[in-house]
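# Observations on the three-dimensional arrangement
Residues per chain, in single letters:
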Amino acid sequence: MTRLKKPLFSLLLLLLCLGLSGCIEVDYYIKVNRDASADIEYKICFDQIFIGLMETQGEDPLSQVRLSAEEKGFTVSHYSENDITGIIAKKHADTLQELPGINSIWAEADIQTATIDGAGSPFKVEPGFFFNRYLVDTTVDLSEMKEQAGEDDFGLSSAFLKKIKMRFRITLPVKPKSHNAPYVTDEGYTLGWDLLPGQVNRIMLEAAVPNLRTFALLAAAALLTAALIAWLTVKKKKQAAGL
């Protein structure tokens, strides 16, 4: 397919972005389970017209995203709704420490200007006897994703960035003690943050989650104690009857 000359391509891309509700949509979702495992799901979508225009330049962003996710062990499925198409990638982590860093999602979307505190899991777990303390306090620095003066004659950068929608969401097994999420759904269990280009986006939460191992041990001990008391009571009654 014949490639468009760069000025013409840039102009077409600008007009396209101005007319679309969103050229790129990214949604990164973590569901934390009661056993301290987690399920990760992220969705990366592109407008179909945007993909077609990129293909005229020899680019296939959707295939690149799919291949990268599969290489990281995600199960990938196709997603399509109205004029949006993309992928949904899913993966289970046995522990919160096994969660991939938030920066992985931006690598999949080929957003190279994002800087995230730490390369590992966003969760810090502080074990306790009755409750484990879950902490997230990180930033997604998208301050470099902004229009650079003198680099864009058509204002493409500004128009394009305004059409990128990025969100990070977490569902907890309990309601958090504190957080800075602007969006709260699911009766307080799910928190959501919009990640805005050109800004440093802070993500913070704290939750106290019951330590299931401790409560299981206490329940087992209670059952054993009850069984022992019952056995001693029956034995005492038999002894009394024998007298």
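Described below are features of the structure shown in this document. (Residues numbered from 1 in each chain as written. Predicted model: local features only at pLDDT ≥ 70, side-chain atom pairs only at ≥ 80, totals over all residues. Heavy atoms only, no water.)

The subject of this paragraph is the overall build of the protein. Regarding its fold elements, the protein presents six helices and twelve strands. Residues counted as buried form 42% of the 243 residues belonging to the protein. Considering only residue pairs separated by 6 or more positions, the protein has 65% of its internal contacts joining residues 24 or more positions apart. For the protein, the exposed area adds up to about 13,800 Å²; of that, 56% sits on carbon and sulfur atoms. (Helix = DSSP H or I, 4+ residues; strand = E, 2+ residues; numbered from the N terminus. Buried < 20%, exposed > 50% of the residue type's maximum accessible area, 1.4 Å probe, protein only. Contact = heavy atoms within 4.5 Å. Areas by Shrake-Rupley, 256 points an atom, 1.4 Å probe, with all protein chains shown as cover.)

Another aspect to go through is the side chain of N33. Structurally, N33 is set in the loop between strand 1 (24–32) and strand 2 (38–47). Not counting chain neighbours up to four residues away, the residues in contact with N33 comprise A38, D39, H92 and P173.

What follows concerns the sheet that holds strand 3 (residues 75–81). The mixed open sheet is built from seven strands, whose spatial order is 3-4-2-1-8-11-10. If you trace the sheet from one side to the other, it starts and ends with strand 3 and strand 10 (183–185), each paired once. For this sheet, the mean inter-axis angle between neighbouring strands, taken without regard to orientation, is 20°. Packed on one face of the sheet, helix 3 (residues 61–71) meets strand 2, strand 3 and strand 4 (84–93) and runs near 5° to strand 4. (Pairing = 2+ DSSP bridges. Axes fitted to C-alpha atoms, helices over the stretch in contact; angles between N-to-C directions.)

By volume, the second largest pocket is sized at about 280 Å³. The wall of the second largest pocket is formed by 15 residues, among which D35, A36, N132, Y134 and N211 lie closest to the centre. Mapped onto the lining of the second largest pocket, the elements with two or more residues apiece are strand 7 (131–141), strand 12 (200–210) and helix 6 (212–242). Counted by class, the lining of the second largest pocket contains seven nonpolar, four polar and four charged residues. (1 Å grid on protein atoms, 1.4 Å probe; cavity = no way out; pocket = protein on both sides within 12 Å on 5 of 7 lines; lining within 4 Å. Points joined across faces, edges and corners; volume = space filled by probe spheres on them. Nonpolar A, V, L, I, M, F, W, Y, C, P; charged D, E, K, R; others polar.)

Glancing now at the pairing of strand 12. Residues in a regular strand project their side chains so that they alternate between the two faces of the sheet. In this structure, strand 7 lies alongside strand 12, joined through eleven bridges in antiparallel fashion. Bridge assignment links Y134 to a residue of strand 12, and that residue is A207. Across two bridges, strand 9 (residues 178–179) lies against strand 12 in antiparallel orientation. Bridging across to strand 12, S178 finds its partner in E206.

So, about the pairing of strand 3. In this structure, strand 3 lies alongside strand 4, joined through seven bridges in antiparallel fashion. What sits directly across from E81, in strand 4, is I84. Adjacent in sequence and paired antiparallel, strand 3 and strand 4 are bridged by two residues, among which N82 carries a positive phi angle near 55°.

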